[in-house]
Amino acid sequence: MRANILAFAMGVGLLQTWGSLPPFALVVAMFFGASAWLIRAGARRQPAPLAWRSISVLACAVLGLAWAALLAEQRLQERLPADSEGRDLQLVGVVAGLPQDFENGERFAFVVESVEAVEAVEAVEAVEAVEAVDSLDLPQARVPPRIMLSWYHGQRADERYEALTAVPPAAPRTRPGERWRFTVRLKKPHGNANPHGFDYEAWLFERGLRATGYVRPKGVAQRLDDFVFGPGYAIERLRKRIRSSFRTALPEAPYVGILAALAIGDQQAISTEQWRVFRQTGVTHLMSISGLHVTMVAALFAALVGWLWRRSERLLLWLPAAKAAIAAGWLAAFAYALLAGFAVPTQRTLYMLSVVALALWSGRNLGASRSLLLALLLVLVLDPWAVLAPGFWLSFAAVGVLFFVGTARLGVRPGWRATLARWGTTQWAVTVGTLPLLLLLFQQFSLVSPLANALAIPVVSFLITPLALLYTIVPWTPLLQLDHWLLSLLMIVLEWLARWPLWQQPAPPLLATLLALLGVLCLLLPRGFPARWLGFCLLLPALFWPAARPAPGDAWVDVLDVGQGLAVVVRTAEHTLLYDTGPLYSADSDSDAGQRIVLPYLRAIGVDRLDALIVTHRDKDHSGGLVAIREALPVGRLLSSLPELDGERCAAGQSWEWDGVRFTMLHPDAAAYRLQTAKTNNMSCVLRLENASGSMLLSADIEARDEQELLDRAPALLRSEVLLVPHHGSGTSSTLAFIAAVAARDVIIPVGYRNRYQHPRPDVVARYAGSRVWRSDADGAVRIELAGGVALAAYRSEHRRYWYGQ
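Residues numbered from 1 in each chain as written. Predicted model: local features only at pLDDT ≥ 70, side-chain atom pairs only at ≥ 80, totals over all residues. Heavy atoms only, no water.

### With respect to the overall build of the protein
Reasoning step 1: The secondary structure content of the protein amounts to 27 helices and 24 strands.
Reasoning step 2: Against the 2.2 N^0.38 benchmark of 28 Å for 806 residues, the protein shows a C-alpha radius of gyration of 29 Å, consistent with a compact globule.
Reasoning step 3: Taking the principal axes of the C-alpha coordinates as reference, the protein spans close to 95 × 85 × 65 Å.
Reasoning step 4: A burial count over the protein gives 51% of its 806 residues as buried.
Reasoning step 5: In the protein, the proportion of contacts linking residues at least 24 apart, taken out of those at least 6 apart, comes to 71%.
Reasoning step 6: Total accessible area computed for the protein in this model is approximately 37200 Å², and 61% of it derives from carbon and sulfur atoms.
Reasoning step 7: Separation between the mean location of the 75 positive side-chain charges and that of the 67 negative ones in the protein comes to 12 Å. (Helix = DSSP H or I, 4+ residues; strand = E, 2+ residues; numbered from the N terminus. Rg over C-alpha atoms; globule rule 2.2 N^0.38 Å. Buried < 20%, exposed > 50% of the residue type's maximum accessible area, 1.4 Å probe, protein only. Contact = heavy atoms within 4.5 Å. Areas by Shrake-Rupley, 256 points an atom, 1.4 Å probe, with all protein chains shown as cover. Lys, Arg positive; Asp, Glu negative; His and termini not counted. Charge placed at Lys NZ, Arg CZ, Asp CG, Glu CD.)

### Structural notes on the environment of glutamate 721
Reasoning step 1: Structurally, glutamate 721 is set in the loop between helix H23 (704-713) and strand S20 (722-724).
Reasoning step 2: Take glutamate 721: its relative accessible area is 33%, and that puts it in the partly exposed class.
Reasoning step 3: Beyond its immediate chain neighbours, meaning those up to four positions away, glutamate 721 contacts Gly694, Ser695, Ala744, Arg745, Asp746 and Val790.

### Things to note about the sheet that holds strand S22 (residues 772-775)
Reasoning step 1: The 7 strands are arranged S16-S17-S18-S19-S20-S21-S22 in an open sheet whose pairing can be described as mixed. Two strands lie at the open edges of the sheet, namely strand S16 (655-658) and S22, each paired on one side alone. With strand direction ignored, the average angle separating the axes of adjacent strands in the sheet is 20°.
Reasoning step 2: Pairing of strand S18 (residues 686-691) with strand S19 (residues 694-698), which is carried by 5 bridges, proceeds in the antiparallel orientation. (Pairing = 2+ DSSP bridges. Axes fitted to C-alpha atoms, helices over the stretch in contact; angles between N-to-C directions.)

### Brief notes about the pairing of strand S5 (residues 179-187)
Reasoning step 1: In the sheet, strand S1 (residues 88-95) pairs with S5 via 7 bridges, with the strands oriented antiparallel. By the bridge assignment for S5, glycine 93 is matched with tryptophan 180.
Reasoning step 2: Where S5 meets strand S7 (residues 221-225), 4 bridges bridge the pair, whose relative direction is antiparallel. From the neighbouring strand, arginine 181 faces S7, where its bridge partner is glutamine 222.
Reasoning step 3: With 4 bridges connecting them, S5 and strand S6 (residues 212-215) associate as antiparallel partners. If you follow leucine 186 over to S6, its bridge partner there is glycine 213.

### Here we look at the packing of helix H9 (residues 291-309) against helix H12 (residues 344-362)
Reasoning step 1: At a minimum axis distance of 9 Å, the contact between H9 and H12 shows a crossing angle of 45°. Compared by their axis directions, H9 and H12 come out oblique. Judged by the sense of rotation from one axis to the other, the crossing of H9 with H12 is right-handed. Every residue of H12 that contacts H9 at Gly291, Val294, Thr295 and Ala298 is listed here: Thr346, Thr349 and Leu353.
Reasoning step 2: Split by residue class, the contact of H9 with H12 holds 3 nonpolar, 4 polar and no charged. (Parallel < 35°, antiparallel > 145°, perpendicular 65-115°, else oblique. Left-handed = near helix turned anticlockwise from the far one by under 90°. Nonpolar A, V, L, I, M, F, W, Y, C, P; charged D, E, K, R; others polar.)

### Section: unusual backbone geometry
Reasoning step 1: Here the residue pair histidine 667 and proline 668 is connected by a cis peptide bond, since its omega of 0° sits within 30 degrees of zero.
Reasoning step 2: Locating proline 668 in the fold gives a position in the loop between strand S17 (661-667) and S18.
Reasoning step 3: Cis geometry is adopted by the peptide bond preceding proline 760, which originates at histidine 759 and carries an omega value of -10°.
Reasoning step 4: A positive phi is found at histidine 196, a non-glycine position, where the angle reads about 65°.
Reasoning step 5: Inspection of the secondary structure assignment puts histidine 196 in the loop between S5 and helix H5 (200-206).
Reasoning step 6: For histidine 196, a relative accessible area of 44% gives the class partly exposed.
Reasoning step 7: A positive phi angle is found at histidine 727, which is not glycine, with a value near 50°.
Reasoning step 8: With respect to the helices and strands, histidine 727 occurs in the loop between S20 and helix H24 (736-742).

Don't take any of this as a statement about function, it's just geometry.
In structure tokens:
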């Protein structure tokens with residue numbers, strides 16, 4: 001059975017790496033063929049020979065792949081039609097989840113009940129006004145059943161200028177379970193596609209959110225019903241009331257957001273600085289409703305009910321106390337998961353506990369490994385996309401390590417010293433057991449994590465979380481004040497521990513990670529087992545894997561996909577340059593491309609220092625991540641056209657050479673700084689890099705007049721094999737003379753998907769007809785290798801997934 005479940009899981013996981021789904025007829029044939037074989041094999045009364053068992057394992061893998069493909073095909077059918085994208089639609093539906101506030105509005109899941117195109121509504125109203133036509137033949141708009149909507153209660157950040165408007169301060173706020181009529185504009189799920197980056201499209205796909213969009217400020221926003229009955233809506237409304245009660249009871253308390261997160265899973269009020277402390281100390285998993293909390297709540301309720309049950313002879317005669325405790329623990333876990341919004345991580349924990357509870361209720365001893373694998377099977381049958389989440393791997397790894405360590409020991413010594421020793425052993429096991437996955441997924445781990453978790457786990461799980469949950473039942477303010485005081489004491493310790501540095505390194509390859517996992521198993525074997533020290537040797541490749549760098553004389557250039565903005569990483573054999581820092585998404589301190597995209601990428605490729613940072617000009621789509629970058633990394637040399645920044649001003653004529661690669665600044669001219677009337681775009685720093693293999697021109701946001709200046713001043717230096725298209729393909733740039741002077745074979749347009757500026761302009765793209773055009777919204781991050789020639793590769797093509805663009 002174990003091999004069959006693992007094979008099924010491998011089949012499910014394999015499909016999630018494919019760029020397209022197999023034909024539907026083939027999937028159906030695979031599903032029924034594998035099922036028929038397994039039914040036949042299971043009906044055999046005699047022990048199956050090795051060949052039969054091997055075929056059964058293969059059939060389970062095929063069944064897992066086919067099952068995942070069937071569910072994926074069903075979800076793909078809910079896609080947003082192309083003719084519904086980017087047009088005004090009038091929707092009627094229900095707010096399905098807890099609204100999440102952001103700087104200028106709120107974001108929420110919306111269940112669509114009916115939809116009409118705005119032009120159809122207007123046509124019907126016109127017909128009704130003149131009473132001249134009995135019927136209209138109008139196209140019927142279609143949208144997915146579940147979507148994600150943003151409602152901007154102020155100026156929208158990425159809507160077209162002509163549609164911008166201010167909503168009065170008294171604009172209504174949504175609540176879960178309300179039915180609304182909205183005028184919206186939708187688009188297909190789209191996220192930034194970068195190496196080692198967060199896959200937002202996969203996150204939406206797993207949750208069944210098949211379109212995103214926003215409420216139009218000039219359209220309809222009408223509340224139709226205060227509450228639509230439904231169990232899910234009722235739970236979400238309760239969660240909103242609990243969140244409001246936390247904020248009302250402790251309006252100025254710094255850690256009330258953490259308490260709300262522990263009670264109902266709402267993390268929006270946890271500050272950026274608090275998240276930094278949790279990352280530095282390795283306790284991030286404790287500050288939201290995780291599998292650990294659900295399990296602890298279930299264990300507490302099971303112990304309490306079991307203790308009370310044994311006090312009643314009548315109850316014991318009706319049902320054994322052990323079974324009553326099992327039922328109470330499972331019901332408590334289920335209720336807690338609902339209170340947490342039944343988020344995907346809590347669902348996985350609930351499924352695992354369900355398997356264990358059923359085994360204990362039936363009186364069967366399945367064993368640790370079989371229980372864990374049955375839980376794995378249940379999770380993947382219900383949610384085959386769970387394998388895409390880092391939490392899936394970390395949670396199963398942690399539980400597996402605990403089972404492995406617990407079942408490998410015989411006998412339990414009494415006394416507090418033995419209890420303390422077992423607790424320390426547990427922390428050591430979980431830390432070492434999850435280390436390879438942390439290095440692969442996040443390229444870092446906290447050196448103080450064992451100590452921080454040894455303190456925080458019992459305090460949070462047995463004191464802070466139960467008190468927060470008790471407050472949701474008994475809303476007595478002193479109870480929450482006590483809970484906040486305990487959390488404040490814990491935070492003092494965590495903030496002190498957070499001063500210790502993190503271990504950071506490049507992402508190790510998969511083979512090194514698998515060797516490290518094998519090393520973990522060796523290290524966690526019982527004391528006295530021979531050659532346990534080999535585990536350390538197997539861990540070394542993952543711990544000290546060197547960063548990949550170009551050979552001397554070569555250069556690697558990565559144009560990252562940061563949306564409507566720019567961030568380019570240039571690497572030579574021994575140096576790294578960052579050209580612009582990406583956009584500022586909102587005024588929140590962590591809502592910029594520097595924090596979300598650039599820094600994770602630099603960490604994954606092993607960059608812990610920037611030899612040069614160029615901020616081309618003041619616009620926030622180029623300088624938005626500057627603060628985050630400078631706080632996180634030392635910068636050897638800063639060049640910019642911003643007079644308020646320290647460092648050097650970039651000016652034409654500057655040049656330097658790194659490892660056989662020459663860098664030359666072409667714009668702006670030094671005289672431009674004396675002109676007070678110059679636009680920020682006109683001050684963009686233009687950089688050319690060149691080696692023996694070729695050259696690339698980085699042009700930022702220069703406009704037509706700047707292009708002419710370059711043609712007049714340095715026409716010979718413009719010719720390059722690769723061009724970063726000026727100003728995202730705006731109509732104010734890319735003159736024919738400039739394009740002809742550069743004569744690039746490949747051009748790259750850094751642009752956001754369906755951006756408000758309508759970049760790139762179609763007529764501008766047409767001017768590059770003689771070049772191969774790459775776009776970050778369609779291709780994701782683009783890698784340029786100036787090494788023995790010029791080679792380009794797009795992330796979305798190299799790592800194609802079947803949900804991309806769907």
